[in-house]
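Spelled out, the chains give:
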Amino acid sequence: MRTNRTYLLVLTLLFTLMVCGIALQKKKSTTPHIATADKHRGVCWVAGPYPIDSASIAELVQNNVNWISQTPFGWQREHNSPDIGTQIGSQTGWWGERDEGLRQTTRLAREQGIKTILKPHIWLRDSQGKWRGEISMQSEEDWQKWFANYEQFILHYAQLAQEEGIEMLCIGTELHRTCVERENDWRQLIEKIRNVYTGELTYAANFADEYQDVAFWDLLDYIGVQGYFPVAQNENPTIQEVEEGWQKHLSQLKAVSAKYQKPILFTEIGYKSTKDAGIEPWQWPQRMPFENREAIHSEEAQANLYTGMFRALMDQPFIAGFHLWKWYPKVSQLEERSRSRRNPDDGRFNIDFTPQHKKAQQVMKHFYGQMNQ
């Protein structure tokens, strides 16, 4: 009898462990669920040299935007140099990137119901052609100096964000090697940021492997992705081709979201108005005469890429929203005339990423409106 009881006890214990294991596995594989109406309908705000007024923000409201990101810069001369230049306390940089402009833009946006991500960004000027994802020091001493300098940089903006009640802070942008090689330094830095800033945190990881390599997502609120994934193989893709082009990337994004049980937020995403914009969306538009721009220009391609993107991503429950690269504030007639004198071809066959005054703007307005219903 005692043997039978022991046998039953063992079976019960094994069954309990199996049920708990299944429940734990389900919990681990669960992806977040963000209601479409709660998602970021954002744009990446371009900081201008002059103060703005409420009219610039009103344009965003008219296009169903509910978030902006603002980007102050720090500068690094070499990828292996620990020195970081900042404009903290400066009164000489562009108004929109100075503390004064960041604060005023945030306040103007909030008055019209628009929230802000503060997204400080390292601009690398490297003599070897390296980019910020390759920043890496040559000694432990230099690593300590780099993180000390970066800490001063990011904590300044964390304090500013706290003082202004800014809703989200992005703690870094596309600093791939620093994340992989110095994970513990980032974890310690995140703890220091949390001691200063009580809002939500994200990090903006590059689409090409970095978002999968970052290991400290568990300490943040969102998995931020710079979403310049290739979604087309040919020029002038159809909407259906763009939707199909997103499927592989979606499965990978969903897996990372499930692993950390954090939603994916596209901290940047967008396309140039060129025929080939879906093939290598990360390529910066080149300066060229308007005759050359005319040959590659296509508002239709940009609009199809926007449409396919929204159709593929908008209702995915683990996607927290979009920040479209990029949106320029309204400029005064005086500034417009000055800009036109500097560049007589300005405005003709505009191949920039912005959707403004193009077919893509109406696509953005339409889908952002749908998301808000």
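As the structure is a computational prediction, the values presented were derived from the model and not from experiment. (Residues numbered from 1 in each chain as written. Predicted model: local features only at pLDDT ≥ 70, side-chain atom pairs only at ≥ 80, totals over all residues. Heavy atoms only, no water.)

Visitor: I tried to follow the packing of aromatic side chains on my own but got confused; where do I start?
Guide: Within a pair of aromatic rings, the relevant descriptors are the distance that separates the centres and the angle that separates the planes. The final tally for this structure, using the stated rule, is 29 aromatic pairs. Consider the rings of tyrosine 203 and phenylalanine 216, whose centres lie 5.7 Å apart with planes at 80°: the pair is edge-to-face. Of this pair, tyrosine 203 sits in strand E8 (residues 200–206) while phenylalanine 216 sits in the loop between helix H7 (210–213) and strand E9 (222–226); the two residues are 13 residues apart in sequence, bridging distant segments of the chain. Taken as a pair, tyrosine 203 and phenylalanine 216 share a single burial class, namely buried. (Phe/Tyr/Trp six-rings, centres within 6.5 Å; stacked < 30°, edge-to-face > 60°. Helix = DSSP H or I, 4+ residues; strand = E, 2+ residues; numbered from the N terminus. Buried < 20%, exposed > 50% of the residue type's maximum accessible area, 1.4 Å probe, protein only.)

Visitor: Please clarify how the side chain of glutamine 70 should be interpreted in this entry.
Guide: Mapped onto the elements, glutamine 70 comes out in strand E2 (residues 67–70). Reaching out from glutamine 70, the side chain makes a polar contact with the backbone oxygen of leucine 102 at a distance of 3.5 Å. Not counting residues up to four positions away in its chain, the partners in contact with glutamine 70 are Gly96, Gly101, Leu102, Thr105, Thr106, Thr116, Ile117, Leu118 and Lys119. (Polar contact = N/O pair within 3.5 Å; in protein donor to acceptor, adjacent residues only side chain to side chain. Contact = heavy atoms within 4.5 Å.)

Visitor: Just to check I follow, could you spell out the environment of isoleucine 114 for this structure?
Guide: Topologically, isoleucine 114 is positioned in the loop between helix H3 (99–111) and strand E5 (115–118). For the pair formed by isoleucine 114 and asparagine 66, sequence separation is 48 residues and the distance between their alpha carbons is 4.6 Å. If we skip the residues at most four places from it in the chain, isoleucine 114 touches Ile57, Leu60, Val61, Val65, Asn66, Trp67, Ile68 and Ala109.

Visitor: Looking at this model, I keep getting lost on the sheet that holds strand E3 (residues 73–76). Mind explaining?
Guide: Adjacent strands of a sheet form backbone hydrogen bonds with each other and so pair up, either parallel or antiparallel. In space, the three strands of this open sheet follow the order E4-E3-E6, with mixed pairing throughout. Strand pairing shows two members of the sheet lacking a second neighbour, strand E4 (85–86) and strand E6 (121–124), which therefore form its edges. (Pairing = 2+ DSSP bridges.)

Visitor: Got a minute to help me understand the sheet that holds E8 in this structure?
Guide: Spatially, E1-E2-E5-E7-E8-E9-E10-E11 is the arrangement adopted by the eight strands of the closed barrel, whose pairing is parallel. The mean angle between the axes of side-by-side strands here comes to 25°, regardless of whether they run parallel or antiparallel. Bridge analysis of E8 against E9 gives five bridges, and the strand direction is parallel. Residue asparagine 206 lies in a different strand from E9, and its bridge partner there is glutamine 226. Where H3 meets the sheet, it contacts strand E1 (40–45), E2 and E5, and its direction lies at approximately 180° from that of E2. (Axes fitted to C-alpha atoms, helices over the stretch in contact; angles between N-to-C directions.)

Visitor: I would appreciate a short explanation of the environment of lysine 115 in the present structure.
Guide: Relative to the helices and strands, lysine 115 resides in strand E5. Dropping the residues within four chain positions of it, lysine 115 is found in contact with Asn66, Trp67, Ile68 and Glu167.

Visitor: Before we go on, may I ask you to explain the confidence of the model for the protein in this structure?
Guide: Detailed reading of the predicted coordinates is not advisable wherever pLDDT falls low. Averaged over all residues, the pLDDT of the protein is 90; the fraction at 70 or higher stands at 88%. Across residues 22–28, confidence stays below pLDDT 50; counting only partners more than four residues off in sequence or on other chains, it has four contacts. Between residues 333–345, whose pLDDT stays under 50, and residues either more than four places distant or in other chains, the model counts eight contacts. (pLDDT = per-residue confidence, 0-100.)

Visitor: Any chance you could explain the pattern of salt bridges here in plain terms?
Guide: Should their charged atoms come close, side chains of opposite charge can pair. A full pass over the atoms with the stated rule returns 19 salt bridges. Two residues, glutamate 100 and arginine 98, come together in a salt bridge whose shortest N-O distance is 3.3 Å. A cluster of three or more residues bridged by salt bridges with shared partners is formed by Arg103, Arg107, Glu163 and Glu164. (Salt bridge = Lys/Arg side-chain N within 4 Å of Asp/Glu carboxyl O.)

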